[in-house]
Amino acid sequence: MRLRRLFAVSAAGVAVVLGTTVAASAAANSGSAVAPDSLRALAANIGLRIGTAVIPFDLDHPDYQAIAAGQFSVVTPGNEMKWQVVEPAQGTFDWSGADRLVAFAEQHGQLIRGHTLLWHSQLPDWLTTGVANGTISNAQLRNLLHQHITTEVSRYKGRIWQWDVANEFFTDSNPSTINPNDFWVSHLGAGIIADAFRWAHQADPHALLFYNDYNIAGEDGTNAKSDAVFAWLKQMLAQGVPINGVGDQGHLDTQYGFSGTQMTQDLQRYASLGLKLAITEADVRTFVNNATDQVPTDHLATFAQPYEFGQMLKACLAVRQCISFTVWGFGDADSWVPGFFTGEGYATIYDVNLNPKPAYTELQQDLRLAGSGAPHRVPSGAGR
Ligand code: 9MR
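So, a few notes on the structure that sits alongside this text.

Conventions we followed
- Residues numbered from 1 in each chain as written.
- Predicted model: local features only at pLDDT ≥ 70, side-chain atom pairs only at ≥ 80, totals over all residues.
- Heavy atoms only, no water.
- Helix = DSSP H or I, 4+ residues; strand = E, 2+ residues; numbered from the N terminus.
- Rg over C-alpha atoms; globule rule 2.2 N^0.38 Å.
- Buried < 20%, exposed > 50% of the residue type's maximum accessible area, 1.4 Å probe, protein only.
- Areas by Shrake-Rupley, 256 points an atom, 1.4 Å probe, with all protein chains shown as cover.
- Lys, Arg positive; Asp, Glu negative; His and termini not counted.
- Charge placed at Lys NZ, Arg CZ, Asp CG, Glu CD.
- Expected span 1.5 Å × (residues − 1).
- Contact = heavy atoms within 4.5 Å.
- Axes fitted to C-alpha atoms, helices over the stretch in contact; angles between N-to-C directions.
- Left-handed = near helix turned anticlockwise from the far one by under 90°.
- Nonpolar A, V, L, I, M, F, W, Y, C, P; charged D, E, K, R; others polar.
- Core = buried A, V, L, I, M, F, W, Y, C linked by side-chain atoms within 4.5 Å.
- Near = heavy atom within 4 Å.
- Polar contact = N/O pair within 3.5 Å; in protein donor to acceptor, adjacent residues only side chain to side chain.
- Pairing = 2+ DSSP bridges.

1. Things to note about the overall build of the protein
Line of reasoning, step 1. Counting secondary structure elements, the protein contains 15 helices and ten strands.
Line of reasoning, step 2. In terms of C-alpha radius of gyration, the protein reaches 21 Å, essentially the compact-globule figure of 21 Å for 384 residues.
Line of reasoning, step 3. Principal axes of the C-alpha set define a box for the protein whose edges measure 75 × 50 × 40 Å.
Line of reasoning, step 4. In the protein, which comprises 384 residues, the share counted as buried stands at 55%.
Line of reasoning, step 5. For the protein, the accessible area works out to roughly 15,700 Å², and carbon and sulfur atoms hold 54% of it.
Line of reasoning, step 6. In the protein, 24 positive and 35 negative side-chain charges are present, and the distance between their average locations comes to 8 Å.

Right, here's the structure in full:
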């Protein structure tokens, strides 16, 4: 899935992608000035961070690097801070990808979203195998998790802005509940989620700690998942669990429809608990001709896709506590979507050749309006 088509980018394409000159992209690389019409500069006008997931080793490619540095002010490692990657064999660590991204971000004046400490997926084989064959007891599992969270959060102490501490614990059913069959919940009970937040807070008291999930701002149509997460957060906060924010992933699909109004209301409701909000993994997929070119098969999807991106950003803009808006990778060639959803793609804001798509323009325009408002009308004739 990595950069399948990047090397086909033409020089002209790159100029369009960057919307800047070579000199400006060199400036971005040195961590200095960024283009005033870039997403990150426009978002900065209202104190919003605009982000992307990054594949650290793709930063070797200059075109990818220029967009990552020039357009975004916060970055998330797509995979490189997950337990499977950082501790592939017990006691053997690989921080190369995570270190690389942290260094890149600091060089380019970007903040970092750490992702993710407690999730049922992308766990190391030695851990899941050990639990399955009984060589790792539940008490040992709990200690290993404590150690994992402490080691990773301490390593980057003071350098991570937001941590996705816990990821995807709620069921997609109506009503929704904490999933009793989740790997962590089934072995250690639901209380392990609160413990993870406490351990992360001990390791880095200044990092903002987030609960992150998908379909928790009405995207499920029923709002059942949002209701369940809201009730749980309220309970956790009443118990003094150090949770600072909610991350709504924002993985949309044009075939299902989506209510920006509902999303705004749900974000506002989380904010009423005193929490910060972040859109953490925004993308909008649709059906495409093939996984290589990713041309939508329904022409209307080329309108629906940027519209839904815009609705998500507007929901974030409408709620003051929404502090960052992150897209889950910026180019279609790099997206997780074609590998997970048969026949779908076109989910990001740049095409497979790293040319900006209408969704890029949509976000840019929304940010421009958010920053300076629409210009006042030119005065017209008397009484009109
Ligand atoms: O983008 C990630 C992809 O490269 C991995 O193969 C995948 C494995 O599940 O995880 C992707 O990121 C996920 C994120 O960590 C949590 N929310 C859902 C994302 C898409 O699956």
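Moving on from the coordinates now.
2. Looking at helix α13 (residues 301-318)
Line of reasoning, step 1. Taking 1.5 Å as the rise per residue, α13 with 18 residues should run 26 Å; its terminal C-alpha atoms sit 25 Å apart, in good agreement.
Line of reasoning, step 2. Three or more residues of α13 are buried, namely Ala301, Thr302, Gln305, Pro306, Glu308, Phe309, Gly310, Gln311, Met312, Leu313, Ala315 and Cys316.
Line of reasoning, step 3. Packing partners of the buried residues in α13 comprise β7 (251-253), α12 (260-271), β8 (276-287), β9 (322-327) and α15 (358-372).

3. A short note on the packing of α12 against α13
The angle between the axes and the distance between the axes are what describe a pair of packed helices.
Line of reasoning, step 1. Contact pair α12 / α13: the axes reach a minimum separation of 9 Å and the direction vectors enclose 35°. For the pair α12 and α13, the sense of crossing is right-handed. Residue-level contacts link Gly260, Met263, Thr264, Leu267 and Gln268 of α12 to Gln311, Met312, Ala315, Cys316 and Ala318 of α13.
Line of reasoning, step 2. When grouped by side-chain class, the residues that make up the contact of α12 with α13 number six nonpolar, four polar and no charged.

4. Examining the nonpolar core
Line of reasoning, step 1. Among the nonpolar cores identified, the biggest contains 97 residues, and Trp184, Phe197, Trp232, Phe325 and Ile349 are the most heavily contacted of them.
Line of reasoning, step 2. The biggest single contributor to this core is helix α10 (residues 191-203), with eight residues.
Line of reasoning, step 3. Once you skip the residues sitting within four places of it in the chain, Trp184 turns out to touch Trp83, Leu118, Trp119, His120, Leu123, Leu127, Leu141, Leu145, Phe169, Gly189 and Ile192.

5. Structural notes on the site of the ligand
Line of reasoning, step 1. Around the ligand, the structure places 14 residues, and the nearest of them are Lys82, His115, Glu168, Glu281 and Trp328.
Line of reasoning, step 2. Residue Gln249 places a side-chain N or O atom 3.3 Å away from a nitrogen atom belonging to the ligand.
Line of reasoning, step 3. Between the ligand and Trp328 there is a distance of 2.9 Å, counted from an oxygen atom to a side-chain nitrogen or oxygen.
Line of reasoning, step 4. Among the residues making up the shell around the ligand, the classes are represented as four nonpolar, seven polar and three charged.

6. Let's talk about the pairing of strand β4 (residues 162-167)
Line of reasoning, step 1. The buried fraction of β4 amounts to six of the six residues, a majority that puts the element mostly inside the structure.
Line of reasoning, step 2. Relative to β4, strand β3 (residues 111-118) runs parallel, the two sharing four bridges. Paired with Arg113 across the strands is Gln162, a residue of β4.
Line of reasoning, step 3. By the bridge criterion, five bridges tie β4 to strand β5 (residues 208-213) in an arrangement that is parallel. By the bridge assignment for β5, Gln162 is matched with Leu208.

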